[in-house]
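Coordinate inspection notes
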Amino acid sequence: VWGRAPQQPPRLPPAPRRAFSNNRILVELDESSGVATMKFKSPPVNSLSLEFLTEFCIGLEKLESDRGCRGLVLTSAIPRIFSSGLDITEMCGKSPEHYAEFWRAVQEMWLRLYGSNLVTLAVLNGSSPAGGCLIASSCDYRIMVDNPKFSIGLNEAQLGIVAPFWFKDTFVNVVGHRVAERALQLGYLFPAPEAQRFGLVDELVPEEKLQEKAAAVMAQWLALPDHARQLTKAMMRKALLERLLAHRDDDVQNFVSFISKDSIQKSLRGYMEMLRKKKG
Amino acid sequence: VWGRAPQQPPRLPPAPRRAFSNNRILVELDESSGVATMKFKSPPVNSLSLEFLTEFCIGLEKLESDRGCRGLVLTSAIPRIFSSGLDITEMCGKSPEHYAEFWRAVQEMWLRLYGSNLVTLAVLNGSSPAGGCLIASSCDYRIMVDNPKFSIGLNEAQLGIVAPFWFKDTFVNVVGHRVAERALQLGYLFPAPEAQRFGLVDELVPEEKLQEKAAAVMAQWLALPDHARQLTKAMMRKALLERLLAHRDDDVQNFVSFISKDSIQKSLRGYMEMLRKKKG
Amino acid sequence: VWGRAPQQPPRLPPAPRRAFSNNRILVELDESSGVATMKFKSPPVNSLSLEFLTEFCIGLEKLESDRGCRGLVLTSAIPRIFSSGLDITEMCGKSPEHYAEFWRAVQEMWLRLYGSNLVTLAVLNGSSPAGGCLIASSCDYRIMVDNPKFSIGLNEAQLGIVAPFWFKDTFVNVVGHRVAERALQLGYLFPAPEAQRFGLVDELVPEEKLQEKAAAVMAQWLALPDHARQLTKAMMRKALLERLLAHRDDDVQNFVSFISKDSIQKSLRGYMEMLRKKKG
């Protein structure tokens, strides 16, 4: 009764798909639906390097200012992994200036995504730890492959580091305080079914239905008038965005001094070593 | 073990029911139980007109200062609808002064109801969109007819408008941040069973058991000593009430300038037109 | 995959258990695991007297500064009761100075426990009303005997008194705003199965498996590196701790003036009388 047909008039003939691809992310805009897709393709595990983050921000900015774009799907071109999170090589054995530049790029990515005017949908075709979970949690809606082998969560504590306050705030807004407190302390990765039970993802979908489901979810959100939806989203997210904006420099300083500690560097090197051996 | 019998001594013979009815709301006070009932009877859909809101506030004030009244049931005399929310005719084609007066009345209604010292129970015998959902969310407890045809939610976004921050805050306190964010952006109306699953209503009841259930719930709440319960309620709700009181004039200004926009007026006229055609 | 073995190296031969017991609480530290246990043994119902609270704080301080201690289990040596909460005899018929001293001890207990660097685990072998519920809610994790005869909750309103704001804040962080608002107003005690359904306890365990489960949960938490876990916990709990620290004196004053009221004293005397008769 209260439903509404999508505002975009149907356009015939079917519009072309514009694609612009850089090194790390493939971006496609379907002009008939107004839905863009960002496909992460940075092997082996879509880790969030400085290059990746820069491409992400430029791509998102372009879509944000494109009047033909109303929705954004974030997904991965790499099987079994959405994104493994922040690139540890950017945080290990580099200069303080590099750490600061890297951290600003992480902040920038979150500020743009969490504050995006587009409908943002995370389509999790694989695991999504740490920064990957932040990206997913910053979207409007999350669907994930129904496979208990894939997991999602802020597991920073497992690496001996601490999620920044705005990762935490974003996560609390999704799963609530009790679950966030426990999961962050344990660095817990929720297997997909558990992630759904605790609300960290909204729906589980068999892998072969992922695209179809994503299109249906997006159509539901795009049926709303943009302006009211955008103002509503801004109202819900304003407090968190402003909190980082007010403390951005402090947050960079905190990160740089924390990550520069010998004990943390040692712990990260040990972690990378472990990853290397596992592969080898 | 820890339970307590109601504090009110039993009174014999059965006390009379005092009723005072105005145009829009029928108010009855059962003197033996101390429970008042406000029955909305403003056809066709109990929309919250300036007249309705004024009656509501006067009625509530009267009950609040009546020492014989301890609990308040809000329900509707009209089948299938609790309240359709704010009266759009008050927001369309009127003067800025009228909009301001109307908005102050909406604020007043919420400030009194959310801050009420009485035990407040919403008995939802039908659908409860927008402002109807605000009223229900401002009560201490909500029971709803177990019928998936009836729905409840803040669907403002569907009309191209934005729920004010204190609608949002009240809603977040009931369903939490994630559910509120999604529902507000989608202007989602929860069918009764879903409303219960997400905690937006506390219990579903077959229509014929509604009165009986309401009486049982009220008796449970009235078993508590008033003073401690009132102080506890005030502690829980103080932050939200103070937030609107601190920004009341700004909030009126925001509403007046938003609702006066040509685009919004056009959208509301279109919506009214659609309602008219559906009826016709 | 992301799991980690405990950081503590295995030590052979099995280390001795150091025990230091005072009048109200038995403290044991297992040196091999680094897990201390505080067993409340203050008959009949482990009520939180000034003496109990003082012992609790001294014991916790000792463990906190013991580098061999990483985790703390709180449980009761008395069957069927974890703790009955604040000792009403400390709040009844005493001087304002006594009330103030008592309240500072309650604050101190919470500040130390909620802010503890240790992994804190509540093992609820019986009921846990009022202050007992506060202690449990201040831990990192809660397991409870799977027995519907045992209950937990902040039932202050039933006694005609009001839970202080920091009891409320701690409770809201565990169960969320809606559930907290209702439960606090009703002074509701959740039977164990309901407590789990609403997240007030994390797991229910058959009585005979309680120790085994406690050890398993503790091992999971101790598998994390202490430093990152402690910083994460501090980040999650900082706002609440600071709120009480900023208002500590006011909170004492409020308590003293509230509890000194004739009506409250009368209500507490009546409650104690009732307890006495039930026993007799």
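Residues numbered from 1 in each chain as written. Chains lettered and ligands numbered in written order. Predicted model: local features only at pLDDT ≥ 70, side-chain atom pairs only at ≥ 80, totals over all residues. Heavy atoms only, no water.

1. Comments concerning the interface of chain A and chain C
How large an interface is tends to be reported as the accessible area lost when its parts come together. Across the boundary between the two partners, chain A contributes 28 residues, which contact 26 residues of chain C. Taken together, both faces of the contact between chain A and chain C bury some 2,300 Å²; the carbon and sulfur share is 61%. Considering only the surface of chain A that becomes buried against chain C, Gln158, Arg178 and Gln185 of chain A emerge as the three largest contributors, covering 30% of it. Counting the contacts that link chain A with chain C gives 2 salt bridges. At the boundary of chain A and chain C, one finds 7 residue pairs in polar contact (both at pLDDT 80 or more). Those elements giving two or more residues to the side of chain A that touches chain C turn out to be α4 (165–175), α5 (177–186) and α10 (262–279) of chain A. (Contact = heavy atoms within 4.5 Å. Buried area = accessible area lost by both parts, 1.4 Å probe. Salt bridge = Lys/Arg side-chain N within 4 Å of Asp/Glu carboxyl O. Polar contact = N/O pair within 3.5 Å; in protein donor to acceptor, adjacent residues only side chain to side chain. Helix = DSSP H or I, 4+ residues; strand = E, 2+ residues; numbered from the N terminus.)

2. Overview of the pattern of salt bridges
When their charged atoms lie close together, side chains carrying opposite charge are able to pair. Residues and elements named next belong to chain A. For the coordinates displayed, the defined rule picks out 48 salt bridges over all chains. In this structure, the salt-bridge partner of Glu61 is Arg112, at a minimum N-O distance of 3.9 Å. Remark: Arg112 occurs in helix α2 (residues 96–114) and Glu61 occurs in helix α1 (residues 50–64); sequence separation between them is 51 residues. Assessed through its relative accessible area of 43%, Glu61 is described here as partly exposed. The closest approach of N and O atoms between Lys168 and Asp169, which form a salt bridge, is 3.0 Å. Residue Lys168 shares its accessibility class with Asp169, and that shared class is buried. (Buried < 20%, exposed > 50% of the residue type's maximum accessible area, 1.4 Å probe, protein only.)

3. Here's the deal with the sheet that holds strand β9 (residues 126–129) of chain B
Through backbone hydrogen bonds, the strands of a sheet pair up, either in parallel or in antiparallel fashion. All names here are of chain B. The strand order across the open sheet formed by 4 strands is β6-β9-β11-β12, and the pairing between neighbours is mixed. Among the strands making up the open sheet, the edge pair consists of β6 (80–81) and β12 (190–191). Both β6 and β9 contribute to a ladder of 2 bridges, which runs parallel. Across the sheet, residue Arg80 finds its bridge partner in β9, namely Gly126. (Pairing = 2+ DSSP bridges.)

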